[in-house]
Each structure stands twice: as C-alpha cells, then as structure tokens.
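# Understanding the architecture of this molecule
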Amino acid sequence: MNDSCCYVRELHRGLAIKDGMEETKVVVLTGAGISAESGVRTFRDGDGLWEEHRIEDVATPQAWMADPVLVWRFYQARRRQLFDVKPNPAHEALANFAQKHSQFTLITQNVDDLHERAGNDATIHMHGRLRTLRCEQSERSEPRMDERDLGDEFLMCKCCATPQRLRPDIVWFGETPMRMDEIYSAVENCDLFIVVGSSGHVYPAAGLVNVANTAGAKTMLVNLEAPANADSFDEIHLGKAGEILPEVLGLLL
Ligand code: OAD
C-alpha cells in the first residue's frame, strides 16, 4: 500500500482475515466514487449540482409530476452516457474477487452498469438501474437499451394491455431503496464490510456500516476523502479506488 496517498487507521477489532479467508463472508457497498475514474460524475461535486441540475429538480417524485419532460431527458442523457464510459480497475478488481471468493455480495448505490460490464452479474442495485425502465402502472421493470429507446420522447411499456408510460427505473429521494431485506440479511451476516467511493450522506446506505459493526464485522473504507460517516469504520484507505482497491482485494485473496 502506498502510504503517501492513504492512511490506515488500524483495527480495534482485528479479524484474522487472511487465515480463514475462504470462510469469510465479504460484503462490498459501492457509491459514485468507484465510477468517477470511468468518467461518470459523482453527485456531490463542489457545486452541488448534478450535471447542472439541482437534485430536487430531477431526482424526486415531485419533479417527475411537475416536469416529466425535464426529468425524462435528464435520465435519457444519463442512459446514453453509458456508451461513453467503461469499467475501471476498481470494477475489474471486484469482478476478479467475486470469481475467486464465493462468499461475496456486491451492493451498489450506482445506477450505471459498470459492475455488470466488468463481470459482476449478481450486483444488487439498491437505487435502481439506468438500463431498465419501469412501467408507471404495473411497476414492472424492463430492459430498454436499443437505439430507439434512447431518444428524448417518452416510451411506453410492453407489459400492459394498453401500453402505459415508462419512468426511469431509479429510486428518487423520498422513495424506498430496492431489495433492502436481502441487503440487511447480507450485511447482518458478514465478517468483512467494505465501502468504496461513497460520501456517507444518503441513508439507509450510509447506515449499513453501523449494521455491520453491530453484527461484529470488520469494516473498511476506500474513498478519496474522509466521508460523513468516517468514524464508523475500523480501517480507512484514502485515495483513488482504481489505485487502492485492486491492492486491498489482492491482499485479502
Ligand atoms: P457522492 O457523490 O455523494 O460521493 C462520492 C464519494 O466518492 C465522495 O466522498 C468522493 O470523495 C469519493 N470519490 C470521488 N472520486 C473517487 C475515486 N476516484 N475513488 C474513490 N472515491 C472517490 O456519491 P454516493 O455516496 O454514491 O442516489 O451518493 C449516494 C447517493 O446519492 C447516490 O446513489 C444517489 C445520490 O442521491 C440516487 O440516485 C438515488
């Protein structure tokens, strides 16, 4: 590990991870920071704007009701952007780790598809996905990434007898994150919980480290800067995920 780019606060609750690694249940939670080196902007950049929009104008159910055209176009632009970005060494390190370590769960707050494109097909997306769209009537999600699905016009579903309008398959502020039962079960039962690239501002994701601590797991953070919930981690590595994570995961294997 390069000490000049990170500091490590060593553990109060040491776990002999290396010795019993095959039995160690590992859960990783990623946030926007892991995709930053792929060229996807994080949410809390200095100006507090998402691609020049205020959060409340594009990422709430109220915004969708008030100005669906603006919200639709904003997410269509995010969906088109998926073709301009590719997984970076941090996504690849996690896919490699998943292949070699069966007791592994990957949870992401990200709506991009970079974990899947690196090879992690079982990624749990707690805040939804850009690649799918959701029927407003039935709430079913469908993959819609053909060229004709990426324009600025609204799209209709394929699930209802009378096709209904589709909305972005994203969890907006004020909505409940997806697959929370599965997520709590994985975190409550893990031995090692690693957070990568998250500012620790958005709950319930930011509180999962406390669930892991209560369960007696070792907790580790890889992030560019100290996040809001830094005090909750046993071990912190500050720096770029693409540089640090391959080494951290390599040491575990
Ligand atoms: P944020 O944008 O809040 O935080 C990203 C974090 O990544 C920051 O702490 C950065 O310091 C860090 N970071 C930036 N570049 C990095 C790099 N190369 N390597 C490591 N860390 C880096 O993103 P999240 O915490 O993911 O929700 O935000 C949580 C949720 O807020 C998002 O999922 C989104 C938003 O509301 C929805 O879309 C529902």
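These numbers come from a predicted model, not from an experiment.

To continue, consider the overall build of the protein chain. Counting its regular elements, the protein chain contains nine helices and nine strands. With 253 residues in all, the protein chain has 51% of them scored as buried. If you take every contact in the protein chain between residues at least 6 apart in sequence, the share linking residues at least 24 apart comes to 67%. Element-wise, carbon and sulfur atoms account for 49% of the exposed surface of the protein chain, whose accessible area totals about 12,200 Å².

Okay, the sheet that holds strand 3 (residues 124-125) next. Across the sheet, which stays open at both edges, the six strands sit in the order 3-2-1-7-8-9 with parallel pairing between neighbours. Edge strands, defined here as strands with exactly one partner in the open sheet, are strand 3 and strand 9 (235-238). Pairing analysis gives four bridges linking strand 8 (residues 218-223) to strand 9, with the strands arranged parallel. Opposite Met220, over in strand 9, you have Glu235 as the bridge partner. Lying over the sheet, helix 7 (residues 180-188) contacts strand 1 (26-30), strand 2 (104-108), strand 3 and strand 7 (192-196), oriented at roughly 130 degrees with respect to strand 2. Each of strand 7, strand 8 and strand 9 touches helix 9 (residues 241-252); the most contacted strand, strand 7, lies at about 165 degrees to it.

Both faces of the sheet carry side chains from a regular strand, because those side chains alternate between them. Counting buried residues in strand 8 gives six out of six residues, a clear majority hidden from the surface. As defined by bridge partners, strand 7 adjoins strand 8 across five bridges and the pair is classed as parallel. Residue pairing across strands places Val195 opposite Leu221, the latter belonging to strand 8. Note that the unit made of strand 7, helix 8 (residues 208-214) and strand 8 has a crossover that is right-handed.

Here we take up the pattern of salt bridges. In the structure shown here, the tally under the stated rule is 13 salt bridges. Among the ionic pairs, Asp152 bridges to Arg80, the shortest N-O distance being 3.4 Å. Taken as a pair, Asp152 in the loop between strand 5 (141-143) and strand 6 (166-170) and Arg80 in helix 4 (residues 68-81) lie far apart in primary sequence, 72 residues in all. A residue is classified by how much of its surface remains accessible, and Asp152, at 33% relative accessible area, is partly exposed. Judged by relative accessible area, Arg80 falls into the partly exposed class, the value being 32%. Note that Glu175 and Arg167 form a salt bridge whose closest N and O atoms lie 3.0 Å from each other. Here Arg167 falls in the buried class, since its relative accessible area comes to 8%. Connected through salt bridges with shared partners, the residues Arg54, Glu56 and Asp57 form a single ionic network.

The subject of this paragraph is the state of the cysteines. Taken as a whole, this structure holds zero disulfides when the rule is applied. Sulfur of Cys135: no disulfide; nearest cysteine sulfur belongs to Cys160 and is 3.6 Å away. The class for Cys135 is buried, based on a relative accessible area of 1%.

Time to look at the sheet that holds strand 5. Reading across from one edge, 5-4-6 is the order of the three strands in this open sheet, with antiparallel pairing throughout. Each edge of the open sheet is held by one strand with a lone partner, namely strand 5 and strand 6. This sheet shows a mean twist of 45 degrees between the axes of neighbouring strands, independent of strand direction. Sheet topology note: the strand 4 (residues 128-135)/strand 5 ladder contains three bridges and is antiparallel. Note on strand 5: the bridge partner recorded for Arg134 is Ser141. Where helix 4 meets the sheet, it contacts strand 4 and strand 6, and its direction lies at approximately 135 degrees from that of strand 4.

About the criteria used
Residues numbered from 1 in each chain as written. Predicted model: local features only at pLDDT ≥ 70, side-chain atom pairs only at ≥ 80, totals over all residues. Heavy atoms only, no water. Helix = DSSP H or I, 4+ residues; strand = E, 2+ residues; numbered from the N terminus. Buried < 20%, exposed > 50% of the residue type's maximum accessible area, 1.4 Å probe, protein only. Contact = heavy atoms within 4.5 Å. Areas by Shrake-Rupley, 256 points an atom, 1.4 Å probe, with all protein chains shown as cover. Pairing = 2+ DSSP bridges. Axes fitted to C-alpha atoms, helices over the stretch in contact; angles between N-to-C directions. Right-handed = clockwise from strand over helix to strand, strands pointing away. Salt bridge = Lys/Arg side-chain N within 4 Å of Asp/Glu carboxyl O. Disulfide = S-S within 2.5 Å.

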